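A structural walkthrough
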Amino acid sequence: NDWKGFLVNFREVLALARMLRNYARRRYTNVPWKSIALISAALFYFLAPIDLVPDFLFGGFVDDVGLLLAVMRQVKCDVDAYKAWEKERAEAGPS
């Protein structure tokens, strides 16, 4: 099902954004600098109004999505570790 795949990838993109936010706030720093740089660049490119294929053209988001998927594959282990950290914190309750 394409929608299920889309939702899984969307949740992963949200996890990337949360990991970046928690890294910036120094709450979660157990991530290589290279991964932070890749995630930052990919999210910036996705949100930037100007990119390789203008977003207003048909298929304009293909390059954005392709870059995000490539970065997600590169940093999968780091994101999985981050999600485990999030789950552990949620199970521990408020601090």
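Summary of the structure given here.

Considerations on the overall build of the protein chain
On a plain count of helices and strands, the protein chain comes out with four helices and zero strands. In the protein chain, the order of α-helices and β-strands from amino to carboxyl end is α-α-α-α. Within the protein chain, the fraction of its 95 residues that count as buried is 29%. The long-range fraction of contacts in the protein chain, counting pairs at least 24 apart against all pairs at least 6 apart in sequence, stands at 55%. When the accessible surface of the protein chain is split by element, carbon and sulfur atoms take 65% of a total near 7,000 Å².

With respect to the nonpolar core
Among the nonpolar cores identified, the biggest contains 18 residues, and Leu16, Met19, Tyr28, Val31, Ile39, Val75 and Val79 are the most heavily contacted of them. Mapped onto this core, the elements with two or more residues apiece are α1 (2-24), α2 (33-47), α3 (62-74) and α4 (76-92). Aside from chain neighbours lying at most four places away, what touches Ile39 is Leu16, Met19, Leu20, Val71 and Val75.

Thoughts on unusual backbone geometry
Despite not being glycine, Arg26 shows a phi value in the positive range, around 65 degrees. With respect to the helices and strands, Arg26 occurs in the loop between α1 and α2. Owing to a relative accessible area of 60%, Arg26 belongs among the exposed residues under this scheme.

A word on the pattern of salt bridges
Summed over the entire model, instances satisfying the criterion amount to four salt bridges. Note that Arg18 and Glu86 form a salt bridge whose closest N and O atoms lie 2.6 Å from each other. Highlighted residues: Arg18 in helix α1 and Glu86 in helix α4, separated in sequence by 68 residues. Judged by relative accessible area, which is 27%, Arg18 ranks as partly exposed. Classification of Glu86 by relative accessible area gives partly exposed; the value is 23%. Asp80 serves as the salt-bridge partner of Lys83, at 3.9 Å between the closest nitrogen and oxygen. Separated by three residues within a single helix, Lys83 and Asp80 lie in helix α4, roughly one turn from each other. Several salt bridges share partner residues, and in doing so they unite Glu12, Lys76, Asp80 and Lys83 into one network.

About the criteria used
- Residues numbered from 1 in each chain as written.
- Predicted model: local features only at pLDDT ≥ 70, side-chain atom pairs only at ≥ 80, totals over all residues.
- Heavy atoms only, no water.
- Helix = DSSP H or I, 4+ residues; strand = E, 2+ residues; numbered from the N terminus.
- Buried < 20%, exposed > 50% of the residue type's maximum accessible area, 1.4 Å probe, protein only.
- Contact = heavy atoms within 4.5 Å.
- Areas by Shrake-Rupley, 256 points an atom, 1.4 Å probe, with all protein chains shown as cover.
- Core = buried A, V, L, I, M, F, W, Y, C linked by side-chain atoms within 4.5 Å.
- Salt bridge = Lys/Arg side-chain N within 4 Å of Asp/Glu carboxyl O.

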